[in-house]
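# Structure assessment
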Amino acid sequence: MSIQTTHDTPLGKKVTVHTLRERKAAKEKITALTAYDYPTARLVDEAGIDVLLVGDSLANVVLGYDTTLAVTLEDMLFCTRAVRRGAKRSLIVGDMPFGSYHTGLEAALTAAVRFVKEGGAEAVKLEGGRKRAPLIERLVDNEIPVMGHIGLTPQSVHKMGGYKVQGKTVETAKQLLEDAVMLEKAGAFALVLEGVPGEIARMITERIEIPTIGIGAGAQCDGQILVLADALGLNFGHVPRFVREYANLKTTISDALKAYAADVRSGAFPSQEETYSLPGEVAAKLKKSGVGFTS
Ligand code: KIV
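Residues numbered from 1 in each chain as written. Predicted model: local features only at pLDDT ≥ 70, side-chain atom pairs only at ≥ 80, totals over all residues. Heavy atoms only, no water.

### What to know about the environment of Pro 10
Summarising the element assignment, Pro 10 is placed in the loop between β1 (8–9) and β2 (12–13). The exposed category is assigned to Pro 10, whose relative accessible area is 69%. Considered as a pair, Pro 10 and Tyr 163 are 153 residues apart in the sequence and their alpha carbons are 40 Å apart. (Helix = DSSP H or I, 4+ residues; strand = E, 2+ residues; numbered from the N terminus. Buried < 20%, exposed > 50% of the residue type's maximum accessible area, 1.4 Å probe, protein only.)

Below is the structure:
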């Protein structure tokens, strides 16, 4: 009798936080993407992507907000549950939204527990440098793996004065390096490096043992993440220079919708094959009784 463990999935060995560390040690790149619902989670998972982040970029690319600040914990949990249902192999990381970890350690722990218990997340991500170290320790102490996120942290948009590449001066570069070391010490299992010069990302990657996952941080990180809507060409907002579009779904979807509308208007849809028919004898009886038949 074979015993099914959480490490065996129909898509291969389950990715855990330990897998990512092993990848770094083996110098194998880590793949990561965001997803926000059941179909995108299924596609990302079935494509063999290691990490599936239910990102608070949901605010921008799904909910149409200008920043990530408005998205709520309930929004994030709603999407995390859908993603959980769609993914089997990928590591699911829930992104803690603005406000859910800023008002105190207890409130943050409660929110993180909800990601795991109600959302089915296997880890959480939160933004910020050294000042997050006590919180990371607290969550890890309570069995919740934490992914850090430093550099351009979108939840600090007002403090940063816009979405600006970080770590471009000697002082700020040093701060980023120190932050990375402190978050590793606090127990983070991986670090997202967003919007930092490639040289700084390389230095951090070489300096710490936990994997770095880059977004706009050059090729020397241990892995890469993109926002799914950016990677698929389905973003209606600003597309940053570091994005590579692997498809143009905006055009594909728009063409399909126009074709549908044209078919409906012309009567080409639905066809006879796309229409249910009555059984012959029922049609004959109805016709005989004169119900609803004009010819
Ligand atoms: O919310 C998100 O999509 C993110 C990634 C950009 C890392 O935090």
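### A few points about the domain arrangement of the protein chain
Its domain assignment divides the protein chain into domain 1 (17–247) and domain 2 (251–288). Measuring from the centre of the C-alpha atoms in domain 1 to the corresponding centre in domain 2 gives 45 Å. (Domains from an automatic or database assignment.)

### Looking at the side chain of Thr 80
The topology assignment puts Thr 80 in helix α4 (residues 73–86). Polar side-chain contacts of Thr 80 include one of 2.6 Å to the backbone oxygen of Met 76. For Thr 80, the residues in contact, after removing those within four places along its chain, are Val 54, Phe 115, Gly 119 and Ala 121. (Polar contact = N/O pair within 3.5 Å; in protein donor to acceptor, adjacent residues only side chain to side chain. Contact = heavy atoms within 4.5 Å.)

### Remarks on the pattern of salt bridges
Considering all chains together, one arrives at 15 salt bridges under this definition. Across the pair Lys 14 and Glu 122 runs a salt bridge whose closest N-O atoms are separated by 3.1 Å. Of this pair, Lys 14 sits in the loop between β2 and α1 (17–25) while Glu 122 is found in the loop between α5 (105–117) and β6 (123–127), placing the two residues 108 residues apart along the sequence. Residue class for Glu 122 comes out partly exposed when judged on its relative accessible area of 23%. Glu 206 serves as the salt-bridge partner of Arg 202, at 3.4 Å between the closest nitrogen and oxygen. With Arg 202 and Glu 206 both in helix α9 (residues 198–207), this residue pair falls four residues apart, about one helical turn. Looking at Glu 206, the relative accessible area reads 58%, which means it is exposed. Several salt bridges converge on common partners, so that one network encompasses Arg 23, Glu 28, Asp 50 and Arg 89. (Salt bridge = Lys/Arg side-chain N within 4 Å of Asp/Glu carboxyl O.)

### What to know about the packing of α5 against helix α6 (residues 133–141)
Interhelical geometry of α5 versus α6 gives an angle of 45 degrees and a closest axis separation of 10 Å. The pairing of α5 with α6 is recorded here as oblique in orientation. Of the two elements, α5 crosses α6, and the hand of that crossing is right-handed. In this structure, α5 contributes Leu 105, Glu 106, Ala 108, Leu 109 and Ala 112 to the contact, and α6 contributes Pro 134, Leu 135, Arg 138 and Leu 139. (Axes fitted to C-alpha atoms, helices over the stretch in contact; angles between N-to-C directions. Parallel < 35°, antiparallel > 145°, perpendicular 65-115°, else oblique. Left-handed = near helix turned anticlockwise from the far one by under 90°.)

### Here's the deal with the site of the ligand
Within the structure, the ligand sits among Thr 34, Leu 53, Gly 55, Asp 56, Ser 57, Asp 95, Lys 125, His 149, Val 192, Glu 194, Ile 215 and Val 227. Contact distances for the ligand include 2.5 Å between an oxygen atom and a side-chain N or O atom of Ser 57. For the ligand, an oxygen atom lies 3.1 Å from a polar atom in the side chain of Asp 95. Coverage of the ligand by the protein amounts to 96% of the 260 Å² it exposes when considered alone. In the shell around the ligand, the residues fall into four nonpolar, four polar and four charged. (Near = heavy atom within 4 Å. Areas by Shrake-Rupley, 256 points an atom, 1.4 Å probe, with all protein chains shown as cover. Nonpolar A, V, L, I, M, F, W, Y, C, P; charged D, E, K, R; others polar.)

### Topic: the nonpolar core
Ranked by size, the top nonpolar core spans 58 residues in total, and within it Met 96, Leu 139, Leu 193 and Ile 204 carry the most contacts. Apart from the residues lying within four places of it in its own chain, the contact partners of Leu 193 are Ile 150, Ala 201, Ile 204, Thr 205, Thr 212, Ile 213, Gly 214, Ile 215, Ala 217 and Cys 221. Grouped together as the second largest cluster of nonpolar side chains are 17 residues, Val 17, Val 51, Ile 215 and Ile 225 included. (Core = buried A, V, L, I, M, F, W, Y, C linked by side-chain atoms within 4.5 Å.)

### As for the packing of α4 against α5
Taken N-terminus to C-terminus, the directions of α4 and α5 make an angle of 20 degrees; their axes are 9 Å apart at the nearest point. Judged on the interaxial angle alone, α5 and α4 are roughly parallel. For the pair α4 and α5, the sense of crossing is right-handed. Only Ala 111, Arg 114 and Phe 115 of α5 make contact with α4, whose side of the interface consists of Leu 73, Glu 74, Met 76, Leu 77 and Thr 80. Of the residues assigned to the contact of α4 with α5, the class counts are five nonpolar, one polar and two charged.

### So, the sheet that holds strand β8 (residues 190–194)
One closed barrel holds the eight strands; their spatial order is β3-β4-β5-β6-β7-β8-β9-β10, and the pairing between them is parallel. Across this sheet, the average inter-strand angle for adjacent strands is 25 degrees, counted without regard to direction. The strands touched by helix α8 (residues 170–186) are β7 (146–151) and β8; relative to β7, the strand with the most contacts, the crossing angle is about 175 degrees. Here α9 sits on the sheet in contact with β7, β8 and β9 (212–215), set at roughly 170 degrees to β8. (Pairing = 2+ DSSP bridges.)

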